[in-house]
Structures are given as structure tokens and as C-alpha cells.
Amino acid sequence: MADGSAPTKSKRCNASPICYLKREEEEERGTEKPQAPGDRETTKLVRWSAHFSTPDVDHDMEKLGSDGTYHLDEVYLNIQSYEGETYEGQIHGEGIACFEGGHTYKGTFSKGLINGFGVFTLANGLKYEGEIVCNKLMGQGTYTWPDGSTYTGHVNNGIIHGIGSFKCAKTSLLYRGQWHIGKWHGKGTVYYNEDQTSWYKGDWVLNSIEGWGERRYLSGNIYSGEWRNNMRHGEGTMRWLKEGQQYVGGWKDGVQHGRGTHVWFLMRTDRSQYLQSNKYTGEFFQGQRHGEGTFYYADGAVYEGEWKNNKKHGQGKFISKDGRVFEGEFMDDQMMIPNLNGGRAPTSLGALPLSDSTVLGPNMALNIESLLKKIPKKTHATERKQVEFVVLQHVTELRSVYSFYSRLGQTPSPDNTFLLSRLQFWRLLKDCHIHQHGVTLQEIDHIINEKTSSAEILSPFTTMLLHELLSSLVIVAYHIYSKDMKSQQNLLAACLSRLMTDDILPNAKNVTGFLFKQPNFASVAKKYMKKCWEVYQTFCRVNTVCREDKTMTCRQLLWMFKDLRLLDHNFTTTRSLEIIAAECGDPNNTSSCLDLELTFLEFFEILLGCAEVKCQQVSDALEEDLALVRVDGQSTRKQPEIEAKKNIQTTSNHFQMEDGSTPREVVSQHMWTEDHKTPKSTESRHEEKDEQSSGLEAKDCEVDLGTQSVNHFFNNFFFPAFQHHQLVTKKMKKPSHEAKRDMVVHLQ
């Protein structure tokens, strides 16, 4: 890969003059005579050392052009002529001096010395324009070379030093930043081409890229991280945009080395990214996967073990997408399988023995080994075949269900292909009333994922492939119907068939709950999901009754509301219990749900329900405007938008937290998006069109009413209360010696 090759040495363009002009002193002759016109004055030019060098460019092969060197040894310049102002027999004021050899100066003099602003031009074309102090180039100035290259910035005693910019005329290279004695040193930015699409921004050490910086290559690839001697070295992130790859981890001498993670993103037709991708996490050596590492395939398969030169080599474990496991020796990316001769023969991963299934094919193979262990072994093959026939019977509907729920809350894409998240899977189960069969969603997750860590089970962001959904539904069906149908001949098939007939087919796609009720509402609510996931994890507690993992019960949720001081005269304990019971249990028996475990979906949707209650006054203010829209669309169009804002702000100013404090912001400005505009006054020839338009406006206002409440609840109540609680908790956990010290100080 071009972006991984070693950098080439750049050609140098030297030009950093040191100019020192000195007037020969006449005091040595004993008298100070006025200078008559035509008399020559000798001026000494001491050491014009032209030195400017550019750093080595990296592997885009962007060359700087031919070497340009301007260097004058120590010379004496005699003034041939002077035209300008004098004072008391000395050159003083504005003037033009011409020196032997063709050098000229035009600018300000002071008592025979060049002092002030001027332009000094050498015979070879090198020009300095800027500040000069007592014959020394000092301050702000501009160097211009014969080829058109320029430097503008700070000059110290003739040397480029400080902050300035250099532009190379031949190559369009541009550097802006810090300099040290004529070299790029400190913070700086270099653009390698005229379009400025290839650049580096970051640290420099004496013309070398060293430290931390970001590099964009001509190909569009971007590296951000540590550098040494113009090469990627240390910790950094490389993104190959066109190839759809990213690496985060260690580098050495420009290539991947050490421990890191390389991801190959799978792209859609519009170049947007799928949720699932190939990923390798482990050791690298000189740019290749080498050592211990784990490769996660996009289809769900996993290899964990040893690597050599980018190939599986050594001891490892391969888990196929249908759950089958091979653990043993690998050689050159192939499994070493025992043969009939007692030896071991290489076998490709594609030849890994699959399940006995031949009905559904490898892409939909069911992983139901845990269920087959619960029935007689002699019936395993028949049970598997029969349950696969049931899946095949409903495969069209099941694919449609998977596609429908995987799109919930997602931004539309050209192919509308998404992976089902655990959050969406929970929504499917609730829509199909699975939780009303005497089992919670949390328990279902543990049944399905017996060998999975609790952190993965709880996470709403993990994804499921289609065959994983099918396997999960078979397990759910067995769990809730096996006792009622144990007399059936093909138990697994009978249970799945009943689940499809009684639960899935009649109820799927009838979305309930707060989160996905409206697409616009879901897009707003999802912005708060990650932060709420953090809160959920914080308040989860260890379940010591039957497991050692952390969960949250409805009772703990109520305690959280109390700890965060969210309860008030609108949002009471009774009202919060009603919301919880409606979401998780029996609405007619609120106390029955106190010990039920909550998934994150239930936790989040309860918060969304609480937002409507907690922000009731804001909702009422918006409802008044909505009523005007419903009754008379014309009257609403005549009201300016600012009046609606004023009504909400005035009403919500009465909000107070339980301890009497006022939220940080009463109404956030971002609540009023560009999409929310007060309807303009228009005249319509047809009353039917007018009524239809008014109805659409009312519907938009209903959605907006919910989003305003959610924004207000999270930004002004829930998140500030959580942050305050975290701060107080942190202070309470001070070490005992610190607490004693604070007490002593207080007593004193």
C-alpha cells in the first residue's frame, strides 16, 4: 500500500539570510567631516548565510523541486551612490543606496545606519522587505527568492526564527507555524500541494515530524497519532477511507507494530457503513497480524488464537456462525483435521462440519444444541428437522419481521439493510406479549445466552443476525410452552408453531411503547440513549438471589427517582408506579411489579413516560397552542412564533426540583428546531384544503409536544440531577483519613 511505504528524502531549498551592515567609522581619523556629494562610503556586509531547509515529505512522493541554494560569503559592500535625505552630514531619513556588485537598499536610515522599514535586494535576486534595527534584520519581514518562493514572519538577527509562513513557488508547498534558527520546530502545518488536500498538522523537531500530529495523504487517508523521524511511530489511528478500513494501536517505523485493532467496514451501495464488520484485535509485527489475536467475522464467526504473517497459524479456536466449534492446530489459514491414517490433514474453514441441518442451509442454521440436550438423544435429528420445517413454513414472515424491527429508529438508507439490535429484539418480544407468559425480558435474555457475559446480555447495542433471531425464538417457545405441550411428539416444532400462531404473527409490527411510537420522536429520544445507558449501569445492583450479575428491579428504579430528587407534586411515587406497571407488569396491580427485573429498553421507555408527567406544565402550554390549531387553523397562523415560545418559558419558570432549586435552564434554546415553525398566514380558495392543512399542522404539533417534553426532562431535570448525585457520592466515598482531616479542620 502506498500509504505504508517508507518516506523519501525531500530536496532542500536553502535561504535564510543573516544580514549585518556596518558603516566604517570615521572617528578613528580624529575628525568627523560632513560628506560631500560624490564621496564614497564603505559599508560592510558581514556573512549572508542563506539557509532554509524543508522536512522530508512522507510517502505521497510529493517532491519539492530542484535544490535552490543562496549563499554569500563574508563580503564588503561599497556604496556607489546614495539618493535621499541626510542630517548633519550623515545619511538620515528616506533614501536609496546602491552598492558595488549590484546590491540595493531602499528605505529608512538613521545616523548613517539602516534602521526602520526598508527593502534590501541582493544582486542574485534575493530580497528582504521588512523591519531593520541598526543594520540587523529584526522583527517582521518578508524574504522573496528569485524563483518566487517567499517567507513572511518573524526574523531575528537575519535568521528566520519565531512564527511565520513559507511558500515554495515550484512545488506549491506551504508551511505555517513555528521556526527555530531557520528550521521548522514546534507546532506547524504544512500543505504539500496547491489544493491543500495533502497536509500535516502537528509537532516538528528541527525539520522532522516528531511528536503528535495528523496527516492527510493525497489518497484521502488520514493518520492521527504519534510520529518519530517523519514516520508513524507510537500510538495512532489510521483510516483508509476508500478501502473502508481503520487501525487503532501501535506503530513502529511507519507500519503497524505491537497491539492494535484493525477493522474492515462493510459498505452499502451509497458508501454508508453496515453495523457489523470484520475486525481483528491482537498483536502485529512489522505490519502483519502476528502473535496472539482474535478475528471477528461479519457473519458472526470468531477465530481466537495464534497468527503468523497474516495467517492463522498455531493453536486456536474457531467458532462458526452456527455455533459449531473447532479447537486445535491451524497451519497457513487452514485447520489440521485428523484423517483415517492417524495423521492430520489441512482443511479449509469453509469445510468445517456443520450441523445435521440440510433444510435451512448454512446461513440460517439453528443453534439449538442447549435444547436438544433436554430431550432424548435418539430424537435429536428428527426434532431438528421438524423445527426447521416450521421455520421454513414461516420464513417469509420471519424475514419481514427481522427487517421491520431492525429499521426501527434508524435513518433510512438506499438498501434499508440493518442488523437487529438487542434493543429492537426486546421491542419485538414486548409487542408480541412474551413478557406476559410469566417471564421477564431479562430472564429470557439469560436463557438465550447462557454462556454469554452479563455485560453483553444487558447491552442494548449488541446485534443479532437472522439465524440468531430464529434460534432465540425456538428457545423462547420451548421455555414458555414446553410444559403445556410435553405430550407432543415433536416438542420443539410444536412449541415454535404455537409461538408463531399465538404470539408472533398476530402481534408483530404493532409497535407499542414510548420510544418508537413516531419516527421523529424516536430520532430525538435516541440522542439521550447512551447517556441513559450510563445511568442504568450506575444504578444496577448485584442480584444475589439466583445470579451474580448486575440488574435493576422496579423497586431500585423508584429508589433512583428518590435519590435524584425527581419526585414532586406532578411526578409522585404513585404516578411513577403506574407508569412502571403499565410498561412491565399488571396495570391493575402496581405493587406486583416491584421485584421485576428491567432491561434497558424498559428502563428507557419508563423514563420517556416520566418525561410527559414531569414536564406536564410545558406540555399544557404547548397543548393550548395545539388546541388553537385544531379549532381554527387561521388564528394559529396569525400568531407569531415568539408568542408560543413566551408561553412555554413563562409556564416552565414555575418548575422547581424537590429541594427547591431551579433547573439550570428553564427552556433550552435547542428545543425550537428549524423544523418547528409557526404556520404563516395564507389564503386558500378551497375550504377542504384549508382543513386538511390544519390537520397536518396539528399532527406535527402533537409530535413536537412530545419531543419538547423529552428535551426538557433530560436536559433540565434528569441529567443535571444524575451529575449532582455522582458528585455527592464521590465526596461521600472519601478515604477515612481525608474525612478525619476535614473534621479536624472543621473543629479548629
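Our structure's up above, just so we're on the same page.
A short tour of the structure in this document, coming up. (Residues numbered from 1 in each chain as written. Predicted model: local features only at pLDDT ≥ 70, side-chain atom pairs only at ≥ 80, totals over all residues. Heavy atoms only, no water.)

Some thoughts on the overall build of the chain
Looking only at helices and strands, the chain has 18 helices and 32 strands in total. Burial statistics for the chain: of 748 residues in total, 45% are counted as buried. (Helix = DSSP H or I, 4+ residues; strand = E, 2+ residues; numbered from the N terminus. Buried < 20%, exposed > 50% of the residue type's maximum accessible area, 1.4 Å probe, protein only.)

A word on the packing of helix α4 (residues 422-431) against helix α5 (residues 441-448)
At a closest axis distance of 11 Å, the pairing of α4 and α5 adopts a crossing angle of 120°. The pairing of α4 with α5 is recorded here as oblique in orientation. With respect to the hand of their crossing, α4 and α5 are arranged in right-handed fashion. In contact with R422, F425, W426, L429 and K430 of α4, α5 contributes L441, I444, D445 and I448. Among the residues forming the contact of α4 with α5, the class breakdown is six nonpolar, no polar and three charged. (Axes fitted to C-alpha atoms, helices over the stretch in contact; angles between N-to-C directions. Parallel < 35°, antiparallel > 145°, perpendicular 65-115°, else oblique. Left-handed = near helix turned anticlockwise from the far one by under 90°. Contact = heavy atoms within 4.5 Å. Nonpolar A, V, L, I, M, F, W, Y, C, P; charged D, E, K, R; others polar.)

Regarding the environment of R541
With respect to the helices and strands, R541 occurs in strand β30 (residues 541-542). Assessed through its relative accessible area of 42%, R541 is described here as partly exposed. It is 6.2 Å that separates the C-alpha atoms of R541 and M552, two residues lying eleven residues apart in sequence. Within the local environment of R541, its side chain forms a polar contact with the backbone oxygen of T538, the two atoms lying 3.1 Å apart. A polar side-chain atom of R541 sits 3.4 Å from the main-chain carbonyl oxygen of F539. (Polar contact = N/O pair within 3.5 Å; in protein donor to acceptor, adjacent residues only side chain to side chain.)

Describing the pairing of strand β17 (residues 222-228)
Burial analysis of β17 places five of its seven residues in the buried class, which makes it a mostly covered element. The pairing of strand β16 (residues 208-216) with β17 spans six bridges and is classified as antiparallel. What sits directly across from W212, in β17, is E226. Between the antiparallel neighbours β16 and β17 lie five residues, among them G220 with a positive phi of about 100°. Bridge count between β17 and strand β18 (residues 231-240): six bridges; the pairing is antiparallel. When the bridges of β18 are listed, S224 appears paired with T237. (Pairing = 2+ DSSP bridges.)

Re the nonpolar core
Counting 103 residues, the largest nonpolar core has L496, M560, F561, F600, F603, F714 and F718 as the members making the most contacts within it. With eleven residues, helix α7 (residues 466-481) is the single largest residue contributor to this core. The contacts of F718, once residues within four sequence positions are left out, are C532, V535, M560, L564, L566, F603, L607 and F713. Of all hydrophobic cores here, the second largest spans 46 residues; its members include Y128, Y192, Y280 and F330. (Core = buried A, V, L, I, M, F, W, Y, C linked by side-chain atoms within 4.5 Å.)

Looking at unusual backbone geometry
A positive phi angle, near 50°, is found at E88, a position not held by glycine. As for its placement among the helices and strands, E88 is situated in the loop between β5 (75-87) and β6 (90-99). Despite not being glycine, Q196 has its phi angle at roughly 60°, a positive value. By secondary structure assignment, the location of Q196 is in the loop between β14 (183-191) and β15 (199-205). Take Q196: its relative accessible area is 35%, and that puts it in the partly exposed class.

Quick look at the packing of helix α3 (residues 395-406) against α4
Closest axis-to-axis distance for the α3/α4 pair is 9 Å, and the angle between their directions is 120°. Relative to α4, α3 is oriented oblique. In this structure, α3 crosses over α4, and the sense of that crossing is right-handed. Contacts between α3 and α4 involve V401, Y405 and S406 from the first element and Q424, R427, L428 and D431 from the second. For the contact of α3 with α4, a count of residues per class yields three nonpolar, two polar and two charged.

A closer look at a negative patch on the surface
Taken together, the side chains of E283, E292, E304 and E327 present a region of like negative charge at the surface. Inspection of the secondary structure puts E327 in strand β25 (residues 325-331). A relative accessible area of 61% places E327 in the exposed class. (Patch = residues over 30% accessible without salt bridge, like charges linked within 9 Å, V, L, I, M, F, W, Y side chains within 5 Å. Areas by Shrake-Rupley, 256 points an atom, 1.4 Å probe, with all protein chains shown as cover. Salt bridge = Lys/Arg side-chain N within 4 Å of Asp/Glu carboxyl O. Lys, Arg positive; Asp, Glu negative; His and termini not counted. Charge placed at Lys NZ, Arg CZ, Asp CG, Glu CD.)

Thoughts on the sheet that holds β30
With antiparallel pairing, three strands are arranged side by side in an open sheet as β30-β31-β32. One side of each edge strand has no neighbouring strand; the edge strands of this open sheet are β30 and β32 (597-598). Pairing geometry for β30 and strand β31 (residues 550-553), over two bridges, is antiparallel. From the neighbouring strand, R541 faces β31, where its bridge partner is T551.

Everything listed is a geometric property; what it means functionally is a separate question.
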